[in-house]
Amino acid sequence: MHVKSVLITVAASSAVFYGLGRYGHELTWRDAPSPAVQQALAQTETQPDSTQATGPAAGQTETELAQAPAGRPGSPAAPQAQKVDETALRYFATQGDTRRYEAELARLRALYPEWKPPTDLTSPQPTGDPELERIWRLFAEGKYGEARAAIGQRNSADPSWQAPADLIAQLDRAEAGQRLANASNAKQWEQVIRIGTETPALLTCANVDALWRVAEAFAQTGAPERARDAYAYVLTNCTNPAERVGTLQKALASLPEALVSPLLAQERQTEFSGIRDEIARRHVGKAAEDPTLTATPEEIRRIEALANAATTPDDPILLGFYSFRHNEPAKAVSWFQMALARNGGAKAAEGAVLALGALQKYQEAETLGAQWLEAGPANRKAYLDVATALIAQEPAPRLERAVIERIAKTVGVDRYAPGGAALGWYAYNSGQVAPAETWFETALSWDRNYEPAAYGLALVHQRLRDQGALRAIIAEWRSRSARIADLLNPARGRAPTAVREVRPLPETSPTARMVPAPEPVERAPRRVTRIEAAPPSRYEDDSPAVVVARRPAPERPRSGSCGAGTSGAAALQRGWCLLNLKRPAAAAEAFDAAQRGGNAQIAADAAAGKAYAKIQQGLTGEASAAAASATLPPARRKELQTLLLSERFYAQYEAKDFNGALITLGERARYASESTDLMQMRGWSYFNLGRFDDAAQVFQALYRANGSPQAMSGLTAIRDITQRNRY
């Protein structure tokens, strides 16, 4: 403890106070300690570094520094014989205040090298001074103002009495320390530097906090080198392990790393191991965010060792993102899986989903991402990215219906144009043109500038031979998309079927794609659902499952605008107009506005319109809810119920739930007769259930009614399979 005490006071009156300089003069370190320091070191068992700072005047003794007049630290003064005042030392000993006792003991030893502390400090002094002891007690309790007042009162009562110089010096330092801390807390950095410069005795190893505050003030006022020197002073002269580590932590937080490296070199044994870990984490973290940066192999090994040794998820997550951003997705998956096993939460799940996607394990990524959809925007974005990649594969993957519905719901909630377009391509590449058209239109309603959706919609119109709609898209996109502009170019040859070549997919699994074709020997007719302008008033039974509105519809606006009125009636009209433009998502929003702002009749019409919009989007569940919320006339409710049952039938048929499909057809028969298209699908449902006699009756009735070639195909399929079963 004795060497520390000498260094505390000597260094305080030298390097820090005068080196830091008033208001930021250059900080310098002398090559060798002063004679006073050399004398003190001769009494110690260890020798500090030769960079020990010296005092402002070479050869000036510690006693001279301590007796310098207030306000002029370090001024030369002739040493005076003085009795050692042990009052404070005894008080701190009796109070058990170890920290202050050690500081006072070090101070007295530095001032009086020949002095020997009493062996029994707890016994009262022979010539006690109760009043002085009370003043010391006030000082020890931090009541500096009361201590000053007590000194003044004592002087007034006894002009010959003088307070001990030690007491006055300690009060000066304590009050300066308070002012410095207050200035630091208020971020008055220039004031901090001024107080530290004027009170050099404050900046010692006994008060490292003051040194830290001065160093921070230098860093905040654009003098990082001087801050570095203040931190270096602590590491050179102070030995408290916690304060040394804290010093380097503060340096790391406030200084450029280039200035921190020399401080690391002052490490004793492995005391800065945790800080080296933090520096490695910092480098790996930056490189995990910016792929153009890399961490050193040693830093990677360091964090890997920490990750494997710990039970927390932070380091595995850090390494996972570093590996992912540096094209090592397999390694990233391993780290993220470790983090998930350690309850790494949403961040680990986000990384795992992205890394699995990078490995093209889209189905596994989609399954994991679905579990974390509600964790936050980053998790939803990761899910949407891998889900879009999943359904955009060619050939279209075979997915369970629940997966497709989950993807479609998430895409719709987030209005994610790439996902909507991907669902359009998924349907298109599966040969399902009508749902593809709806998804492409919906994606464009979310982002009018998303070219893949526009291109897909153009191909749909081309396949449906809707030349007017095709030419409208080409006119809009001609200057922005060469492939759209080239669709009607005779030199192109045949039109492409998709961005990727569409190939028919086998229908051998019970799992369903978004809108899969039926399984029979010959596919049943594809359904097309259109809703134009207003709810349908009747159904054309002789049409191929086309639901068409028969109420006169307003002329489709050429500009694509449907008005912007705010009243309920205006919103209702806008909703039907948008539905007529095949923009069901926007139409649903307009109908919602009409329900909020209109009277009872408008609200009922808007609820019906919203149901039609949801049906057009393929959201039959939401359509049923919208229909149930409205008070509709019987005829309108019958029409809507018929349409909803039709949608349920198609969904069951496409999911190969043929028994359920037949039951739904039976329910629908209470509201409307079956169209030719539905009768054919009834026949194929019987066929797929092995009820060949029932299937034959349906196909024969259709063939007798209109000579349908599809019905003859059904009869041929029945004949082929029944004859084949005879042998």
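Rules behind the numbers
- The residue numbers shown here count from 1 along each chain, following its written sequence.
- For a predicted model such as this one, the threshold for reporting local features is a pLDDT of at least 70, and the threshold for listing and counting side-chain atom pairs is 80 or more; totals across whole chains, interfaces and linings nevertheless cover every residue.
- Each side-chain value is derived from all of the structure's non-hydrogen atoms; neither hydrogens nor water enter the calculation.
- Going along the chain from the N terminus, every DSSP run of H or I of four or more residues is numbered as a helix, and every run of E of two or more is numbered as a strand.
- In this analysis, two residues are considered to be in contact whenever any of their non-hydrogen atoms come within 4.5 Å of each other.
- The method behind every accessible area is Shrake-Rupley, applied with a 1.4 Å probe, and residues are considered shielded solely by the protein chains displayed.
- Two cysteine sulfurs form a disulfide in these notes if their separation is within 2.5 Å.
- Type-normalised accessible area, obtained with a 1.4 Å probe on protein chains alone, sets the label of each residue: buried when under 20%, exposed when over 50%, and partly exposed for intermediate values.
- When two rings of Phe, Tyr or Trp (its six-membered ring) have centres within 6.5 Å they constitute a pair, described as stacked for plane angles under 30 degrees, edge-to-face for angles over 60, and tilted for the intermediate range.
- A ring has a charge above it when a Lys NZ or an Arg CZ is no more than 6 Å from the ring centre and no more than 35 degrees off the ring normal.
- By construction, the arc corresponds to the directions joining the helix axis to the C-beta atoms.
- Note on definitions: angles span 0 to 180 degrees between N-to-C directions of axes, and those axes are lines fitted to C-alpha atoms, for helices only across the stretch in contact.
- Roughly parallel means an angle under 35 degrees; roughly antiparallel means over 145; roughly perpendicular covers 65 to 115; every other angle is labelled oblique.
- Should the near helix be turned counterclockwise from the far one by less than a right angle, the crossing is left-handed, whereas a clockwise turn marks it as right-handed.
- Basically, the charged four are Asp, Glu, Lys and Arg, the nonpolar ten are Ala, Val, Leu, Ile, Met, Phe, Trp, Tyr, Cys and Pro, and anything else, Gly included, counts as polar.
- Only buried residues count toward a nonpolar core, which is a set of Ala, Val, Leu, Ile, Met, Phe, Trp, Tyr and Cys residues joined through side-chain atoms within 4.5 Å.
- Note on definitions: salt bridges are taken to be side-chain nitrogens of Lys or Arg within 4 Å of carboxyl oxygens of Asp or Glu.
- Per-residue confidence from the predictor is given as pLDDT, running between 0 and 100.
- Residues counted as positive are Lys and Arg, residues counted as negative are Asp and Glu, and His and the chain ends are not counted.
- Two N or O atoms form a polar contact when they lie within 3.5 Å of each other; inside protein one atom must be a possible hydrogen donor and the other a possible acceptor, and for residues adjacent in sequence the pair counts only when both atoms belong to side chains.

Chemist: Give me the overall build of the chain: which residues, what numbers.
Modeler: Of the regular secondary structure elements, the chain holds 35 helices and 2 strands. Contacts spanning at least 24 positions in sequence make up 60% of the contacts within the chain whose residues lie at least 6 apart. Accessible surface, the chain: about 34,300 Å² in total, of which carbon and sulfur atoms supply 51%.

Chemist: Account for the state of the cysteines, with residues named and values stated.
Modeler: Evaluation of the coordinates by the stated rule reveals 1 disulfide. Two residues, Cys-205 and Cys-238, share a disulfide whose sulfurs are 1.9 Å apart. Of note, the bridge from Cys-205 to Cys-238 carries an S-S torsion of about -85° and is left-handed in sense. Residue Cys-205 is located in the loop between α9 (189-198) and α10 (208-220), and its partner Cys-238 is located in the loop between α11 (224-237) and α12 (241-254); the two are separated by 33 residues in the primary sequence. For the pair formed by Cys-205 and Cys-238, the shared burial category is buried.

Chemist: Before we move on, can you summarise the packing of aromatic side chains with the specific residues and values?
Modeler: All told, the structure shown has 14 aromatic pairs when counted by the stated rule. With centroids separated by 6.3 Å and ring planes inclined at 50°, the aromatic side chains of Trp-576 and Tyr-612 adopt a geometry described as tilted. Of the two residues, Trp-576 sits in helix α27 (residues 568-580) while Tyr-612 sits in helix α29 (residues 600-616), which places them 36 residues apart along the sequence. By the burial criterion, Trp-576 is buried, and Tyr-612 matches it. Connected via pairs of aromatic rings, a cluster forms that spans Trp-425, Tyr-428, Phe-440 and Tyr-455. When the ring centre of Tyr-428 is taken as origin, the NZ or CZ atom of Arg-463, which lies over that ring, is 4.6 Å away. Cation over ring: Arg-483 sits above Tyr-455, and NZ or CZ is 4.0 Å from the ring centre.

Chemist: An account of helix α13 (residues 257-264) is requested, with residue identities and associated values reported.
Modeler: All of the buried residues in α13 are Leu-259, Val-260, Leu-263 and Leu-264. Axial view of α13: buried residues confined to an arc of 145°, hence all on one face. Tucked inside the fold, the buried residues of α13 contact α11, α12 and α14 (273-289).

Chemist: I'd love a proper account of the packing of helix α18 (residues 345-358) against helix α19 (residues 362-370), names of residues and values included.
Modeler: Packing of α18 against α19 brings their axes to within 8 Å, and their N-to-C directions diverge by 165°. Classified by the angle their axes make, α18 and α19 are roughly antiparallel. Considering how the two elements wind past one another, α18 and α19 form a crossing that is left-handed. On α19, the residues that touch Ala-349, Ala-352, Val-353, Leu-356 and Gly-357 of α18 are Tyr-362, Glu-364, Ala-365, Leu-368 and Gly-369.

Chemist: Which residues make up unusual backbone geometry, and what values do they have?
Modeler: Not every positive phi belongs to a glycine, and Gln-360 is a case in point at roughly 65°. Looking at Gln-360, the relative accessible area reads 58%, which means it is exposed. With a phi angle near 50°, Arg-415 is a residue other than glycine that sits in the positive phi range. Tracing the backbone through its elements, the reader meets Arg-415 in the loop between α21 (401-414) and α22 (417-429).

Chemist: Before we move on, can you summarise the packing of helix α16 (residues 314-325) against α18 with the specific residues and values?
Modeler: Remark: α16 packs on α18, axes separated minimally by 10 Å, with the N-to-C direction vectors making an angle of 25°. Judged by the inter-axis angle, α16 sits roughly parallel to α18. The crossing of α16 and α18 is left-handed. Counted together, Ile-317, Phe-321 and Phe-324 of α16 and Lys-347, Ala-348, Glu-350, Gly-351, Leu-354, Ala-355 and Ala-358 of α18 form the full contact between these two elements. Residues that form the contact of α16 with α18 fall into these classes: 7 nonpolar, 1 polar and 2 charged.

Chemist: Before we move on, can you summarise the nonpolar core with the specific residues and values?
Modeler: Of all hydrophobic cores here, the largest spans 38 residues; its most connected members are Leu-180, Tyr-231, Leu-248, Leu-255, Leu-263 and Ile-275. Taken together, the elements giving at least two residues each to this core come down to α8 (165-185), α9, α10, α11, α12, α13 and α14. Of all the elements, α10 adds the most residues to this core, at 8 residues. With residues up to four places along the chain from it excluded, the contact list for Leu-180 reads Val-192, Ile-195, Gly-196, Leu-202, Ala-210, Arg-213 and Val-214. Ile-303, Ala-307, Leu-368 and Ala-382 belong to the second-largest nonpolar core, a separate cluster that totals 28 residues.

Chemist: Lay out the environment of Pro-418 with the relevant residues and their values.
Modeler: Relative to the assigned elements, Pro-418 resides in helix α22. Take Pro-418: its relative accessible area is 22%, and that puts it in the partly exposed class. As a C-alpha pair, Pro-418 and Trp-446 span 28 residues in sequence and 9.7 Å in three-dimensional space. In contact with Pro-418, other than residues within four places in its own chain, are Thr-388 and Tyr-450.

Chemist: Residues and numbers for the pattern of salt bridges, please.
Modeler: This model, assessed by the stated rule, comprises 29 salt bridges. The partner of Asp-129 in a salt bridge is Arg-154, and the shortest N-O contact between them spans 3.1 Å. Separated by 25 residues along the polypeptide, Asp-129 in the loop between α5 (98-111) and α6 (130-140) and Arg-154 in helix α7 (residues 144-157) bring together distant segments of the chain. Among the residues examined, Asp-129 registers a relative accessible area of 22% and is labelled partly exposed.

Chemist: Which residues make up the confidence of the model for the chain, and what are the values?
Modeler: Scored by pLDDT, the chain has a mean of 76; 76% of the residues are at 70 or more. For residues 1-81, every residue scores under 50 in pLDDT, and the model assigns this stretch 147 contacts once sequence neighbours within four places are set aside. This stretch, residues 493-514, has a pLDDT under 50; its non-local contacts, to residues over four places away or in other chains, come to 68 contacts.

Chemist: For the side chain of Glu-299, give the residues involved together with the corresponding values.
Modeler: Along the chain, the position of Glu-299 falls in helix α15 (residues 297-309). Among buried Asp, Glu, Lys and Arg side chains, Glu-299 stands out as unpaired, with Arg-302 the closest opposite charge at 8.6 Å. A polar contact is formed between the side chain of Glu-299 and the backbone nitrogen of Thr-296, at a distance of 3.0 Å.

Chemist: Break down the side chain of Gln-462 for me, with residues and values.
Modeler: In this structure, Gln-462 sits in helix α24 (residues 451-463). At 3.4 Å, the side chain of Gln-462 and the backbone oxygen of Leu-487 are in polar contact.

Chemist: I'd like a description of the environment of Arg-179, backed by residues and values.
Modeler: One can find Arg-179 in helix α8. Note on Arg-179: relative accessible area 45%, which makes it partly exposed. Taking the C-alpha atoms as reference points, Arg-179 and Val-192, separated by 13 residues in sequence, lie 8.2 Å from one another.

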